[in-house]
Amino acid sequence: MRACFGFLIFIFVSATTAFGWGKGHETHAKLVFENLPKEIADFFGNDGGKSLAKWSKFPDGHKKHAQNAEVVKALGIDEAQALDGIFKSQFFWHSSEGKCAAFAMLAKAFREKRKEAAEFYAGCLLHSVADSSAFNHGPLVHVLTYFNYNKDAFPKVDLDLYVYNSSQAIRDEIGAMLKDFKPAPLEGGFDNIFGQILFSEWEDAAFLAGIESKLLEPAKDGEKYSRGYIECMSATAARQTRSGANLVCSAWNLAADNGPIPQGKPFIGKETKDRAAKRISQFVASKKLSDDSVYDGLFDDTPNGKKSIVFVAECSSLMGGAKLGFSNRFLAAIAARSLKNAGKPVKLADLKEIEKKYPSADECPVLVLPVSAHIPNRKGFLEYMDSGGKVLILGGTNAAIPGLEKNFSRRDNSETPVSTKYGKANE
């Protein structure tokens, strides 16, 4: 008979609409404009920075293009309606397909010398470029964002690049990082660039996950921002500026080539997706838990003679690409760190290893599994329980455990932090 184990469900609130920089999208777009070659900047004109900034916020919405009078003015009613026939709403520009569509349509607008249309598509493209490494998309700062950050329960922290306008230190740091930058168009045609766009999303997310803890570094007395905060904010903004300027220049070059421009969905061909998926798979396989700052300080050796409480942890990925559920990296880290601070021996187990084999109950009597998506390696999971292992599940709902209900025991309400007395969602 399999061992029963307690099932604790911590409801983890997240917003239905993800945002990136907020007003900082405007700052990012202006930085990109300031770093464009003169030929492209002249095409956009003196007010080009303002126009790119205006449209850089557009993807954060759920309306149809043809319902927006300013979009119709920039694109024409026929093109606005055509976009609505391909995409469900303006929020589509956040997706991988949306990024590639914005890039292709920007090249088309450049070729046709349609300034207002180019401003619209460039703004949409820059928004999605910035969102790949936006602070609210990292597993650590995500929590501050969606749990009403800047309240008393959390550290005071500004998560928007808009601080560029009020901090001379951040302006100077970004300026120094971009001092010698010259845009370098990506090589190849649309297929190659589409593949790079797909892959760069994962690189950007990994970059952010590796440095986001610096945002929470406390400032010294008399300073508004810590050195770590300034470095993290500036490095992220500079990276996004380079990426955005390189893509705009790439679209400009392809427009001048007079070759075919992809039109209509799907913009990305199957071969391009397959090549990108292979490259992404290799990249994900190479990542280590120690690459992610959310797990900082959790890799010390277990004291001799003590068996650790093992937490299953997942490396960073795209916001919607986590196997255990996006926010569960934070749950694993904060729970493990709390036990460690209380003097308990803890250890992290990489999800990639758990997918191959669970540890034995002898070496790991208690396993903590933060999951809201699915139980990894179910066969190994049940074998671990059969050998006497105890499992504590954090996060999610009963949807994560179909077919495993008989292996659970319900604890008394007094023993759990949430229960049915708080509503059905807390069962």
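Residues numbered from 1 in each chain as written. Predicted model: local features only at pLDDT ≥ 70, side-chain atom pairs only at ≥ 80, totals over all residues. Heavy atoms only, no water.

**Q** Provide a residue-level description of the overall build of the chain, including the pertinent values.
**A** If you tally the helices and strands in the chain, you get 15 helices and six strands. Looking at the chain residue by residue over its 427 residues, the buried ones come to 51%. Considering only contacts in the chain between residues 6 or more positions apart, those separated by 24 or more positions represent 76%. For the chain, the accessible area works out to roughly 20100 Å², and carbon and sulfur atoms hold 52% of it. (Helix = DSSP H or I, 4+ residues; strand = E, 2+ residues; numbered from the N terminus. Buried < 20%, exposed > 50% of the residue type's maximum accessible area, 1.4 Å probe, protein only. Contact = heavy atoms within 4.5 Å. Areas by Shrake-Rupley, 256 points an atom, 1.4 Å probe, with all protein chains shown as cover.)

**Q** Tell me about the nonpolar core, and please be specific about residues and values.
**A** The biggest cluster of nonpolar side chains holds 77 residues, and the ones touching the most others in it are F44, W93, F103, F110, F120 and Y121. Element by element, the count of residues in this core is highest for helix α11 (residues 227-257), at 14 residues. Here F110 is in contact with I40, F43, F44, A118, V248, A251, W252 and A255, once residues within four sequence places are set aside. (Core = buried A, V, L, I, M, F, W, Y, C linked by side-chain atoms within 4.5 Å.)

**Q** Lay out the packing of helix α7 (residues 115-131) against α11 with the relevant residues and their values.
**A** Taken N-terminus to C-terminus, the directions of α7 and α11 make an angle of 145°; their axes are 9 Å apart at the nearest point. Along this stretch, α7 crosses α11, giving a crossing that reads as right-handed. Judged by residue contacts, L125, L126, V129 and A130 of α7 engage Q240, S243, G244, L247 and V248 from α11. Class assignment of the residues belonging to the contact of α7 with α11 gives a composition of six nonpolar, three polar and no charged. (Axes fitted to C-alpha atoms, helices over the stretch in contact; angles between N-to-C directions. Left-handed = near helix turned anticlockwise from the far one by under 90°. Nonpolar A, V, L, I, M, F, W, Y, C, P; charged D, E, K, R; others polar.)

**Q** Provide a residue-level description of the pairing of strand β3 (residues 346-350), including the pertinent values.
**A** Counted residue by residue, β3 has four buried out of five residues, so it is predominantly covered. As paired strands, strand β2 (residues 309-313) and β3 are joined by five bridges and run parallel to one another. Among the inter-strand pairings, V312 is bridged to a residue of β3, identified as A349. In this fold, the crossover linking β2 to β3 by way of helix α13 (residues 328-341) has right-handed handedness. (Pairing = 2+ DSSP bridges. Right-handed = clockwise from strand over helix to strand, strands pointing away.)

**Q** Account for the sheet that holds β2, naming residues and giving values.
**A** The strands that make up a sheet are held in pairs by hydrogen bonds between backbone atoms, and each pair lies either parallel or antiparallel. Ordered by their spatial adjacency, four strands build an open sheet running β3-β2-β4-β5, and the pairing between neighbours is parallel. Every other strand in the sheet has two partners, leaving β3 and β5 (390-394) as the edge strands with one partner each. With direction set aside, neighbouring strand axes in the sheet form an average angle of 25°. One ladder, built from five bridges, connects strand β4 (residues 366-370) with β5; its direction is parallel. Following the sheet pairing, L369 is matched in β5 by I393.

**Q** If you had to explain the packing of helix α1 (residues 24-34) against α11 to someone new, which residues and values would you point to?
**A** As a packed pair, α1 and α11 sit with axes 9 Å apart at the nearest point and diverge in direction by 60°. Taken together, α1 and α11 sit at an angle that is classed as oblique. The interaxial crossing formed by α1 with α11 has right-handed handedness. Facing α1, whose interface residues are H28, L31 and V32, α11 presents Q240, T241, G244 and A245. Per-class residue counts for the contact of α1 with α11 are three nonpolar, four polar and no charged. (Parallel < 35°, antiparallel > 145°, perpendicular 65-115°, else oblique.)

**Q** Would you mind going over a positive patch on the surface in detail, with residue names and values included?
**A** On the surface, K64, K88, K265 and K273 cluster together into a positively charged patch. Relative to the helices and strands, K265 is located in the loop between α11 and α12 (270-286). (Patch = residues over 30% accessible without salt bridge, like charges linked within 9 Å, V, L, I, M, F, W, Y side chains within 5 Å. Salt bridge = Lys/Arg side-chain N within 4 Å of Asp/Glu carboxyl O. Lys, Arg positive; Asp, Glu negative; His and termini not counted. Charge placed at Lys NZ, Arg CZ, Asp CG, Glu CD.)

**Q** Please provide a residue-by-residue account of the packing of aromatic side chains, values included.
**A** Given two aromatic rings, their pairing is described by the distance between the two centres and the angle made by the two planes. Scanning all chains against the criterion turns up 22 aromatic pairs. With centroids separated by 5.5 Å and ring planes inclined at 75°, the aromatic side chains of F43 and F44 adopt a geometry described as edge-to-face. Owing to a relative accessible area of 0%, F44 belongs among the buried residues under this scheme. Geometrically, the ring pair formed by F87 and F267 is tilted, given 6.4 Å between the ring centres and 35° between the ring planes. On the criterion of sequence distance, the pair formed by F87 in the loop between α5 (77-86) and α6 (96-111) and F267 in the loop between α11 and α12 is long-range, its members being 180 residues apart. Residue classification places F87 among the buried positions, given a relative accessible area of 2%. Note on F267: relative accessible area 5%, which makes it buried. (Phe/Tyr/Trp six-rings, centres within 6.5 Å; stacked < 30°, edge-to-face > 60°.)

**Q** An account of the confidence of the model for the chain is needed here, citing residue identities and associated values.
**A** Averaged over every residue, the pLDDT of the chain is 84; the share at 70 or more is 81%. The model gives residues 1-19 a pLDDT under 50, and that stretch makes 74 contacts with residues more than four places away or in other chains. (pLDDT = per-residue confidence, 0-100.)

**Q** Go over α13, please, and point to the residues and values.
**A** Relative to the 20 Å expected for 14 residues at 1.5 Å per residue, α13 spans 20 Å between its end C-alpha atoms, a close match to the ideal helical length. Among all positions of α13, only N328, R329, F330, L331, A332, A333 and A336 are buried. Of the residues one or two after α13, G343 is the one with positive phi, at around 90°. (Expected span 1.5 Å × (residues − 1).)

**Q** Just give me the short version of the pattern of salt bridges, but keep the residues and values in it.
**A** Scanning the entire structure with this criterion turns up 21 salt bridges. Of the charged contacts in the structure, one is a salt bridge between E201 and K99, with a shortest N-O distance of 3.1 Å. A residue pair is termed long-range when its members are at least 10 positions apart, and E201 in helix α10 (residues 190-211) and K99 in helix α6 qualify at 102 residues. The two residues E201 and K99 agree in class, both being buried.

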